[in-house]
Amino acid sequence: MDLRSRVNSALKQAMRDKQAMRLSTLRLINAAIKDQDIAARGEGQDEGVSDAQVLAILGKMTKQRKESAQAYEEGGRLDLAEREREEIEVIEEFLPRQLGEPELAKAVDAAISSTGAASIRDMGKVMAELTTKYTGQMDFGKVGPMVKDRLCSG
């Protein structure tokens, strides 16, 4: 089942179970996907966004909520921070399992060797390779410096 179908079936189940918080988060996910579908149609992609693009949307939503939760905590609004964390949990149900440190290192090394990257100038190629293969499975904010270190020391 593709991601879009999984979100829709979870939304229907949340309606049946009268889970208000979960339902509102799923509706936000659906709205974000539909926004991207509309943008894609404007660019000539009649079928809408792909699963990889949906993963990117979900990853972005998670990142935004983590930043918001941190800001709310710093501002002493623990109730709002908790709500953001609950939304993160719902969103993460649709994301693939995050890679651990050893798996990240292996993926970075594989991408460097498959692209033939030799210097920091090739970082874009390596990051593009990782993005196509591992969208939603790694935090690219952490991976970027990792790639940079390997290319500078390599």
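Residues numbered from 1 in each chain as written. Predicted model: local features only at pLDDT ≥ 70, side-chain atom pairs only at ≥ 80, totals over all residues. Heavy atoms only, no water.

Draft legend 1. Region of interest: helix H1 (residues 3-17). Helix length check: H1 (15 residues) gives 21 Å between terminal C-alpha atoms against 21 Å at 1.5 Å per residue, within 8%. Those residues of H1 that fall on the buried side of the exposure criterion are Leu3, Val7, Ala10, Leu11 and Ala14. In an axial view of H1, the angular spread of the buried residues amounts to 105 degrees, which keeps them on one side of the axis. Contacts from the buried residues of H1 go to helix H2 (20-42) and helix H3 (51-74). Positive phi appears at lysine 18, one or two residues downstream of H1, with a value of about 55 degrees. (Helix = DSSP H or I, 4+ residues; strand = E, 2+ residues; numbered from the N terminus. Expected span 1.5 Å × (residues − 1). Buried < 20%, exposed > 50% of the residue type's maximum accessible area, 1.4 Å probe, protein only. Arc of directions from axis to C-beta. Contact = heavy atoms within 4.5 Å.)

Draft legend 2. Spotlight on the pattern of salt bridges. For the structure shown, the criterion picks out 12 salt bridges. Between lysine 66 and glutamate 92 there is a salt bridge, and its shortest N-O distance comes to 4.0 Å. One end of the pair, lysine 66, is in helix H3; the other, glutamate 92, is in helix H4 (residues 78-92), and 26 residues separate them in sequence. The class for lysine 66 is partly exposed, based on a relative accessible area of 47%. Looking at glutamate 92, the relative accessible area reads 36%, which means it is partly exposed. One salt bridge in this structure joins arginine 77 and aspartate 79, with 3.3 Å as the shortest N-O distance. Arginine 77 gets classed as partly exposed once you look at its relative accessible area, which sits at 41%. One continuous salt-bridge network, built from bridges that share partners, spans Arg65, Arg83 and Glu87. (Salt bridge = Lys/Arg side-chain N within 4 Å of Asp/Glu carboxyl O.)

Draft legend 3. The environment of lysine 133, seen in detail. Within the element layout of this structure, lysine 133 appears in helix H6 (residues 123-134). Once the C-alpha coordinates of lysine 133 and alanine 107 are considered, the two residues, 26 residues apart in sequence, prove to be 9.2 Å apart. For lysine 133, the side chain forms a polar contact with the side chain of glutamate 129, separated by 3.1 Å. (Polar contact = N/O pair within 3.5 Å; in protein donor to acceptor, adjacent residues only side chain to side chain.)

Geometric descriptors of this kind do not, in isolation, establish any biological role.
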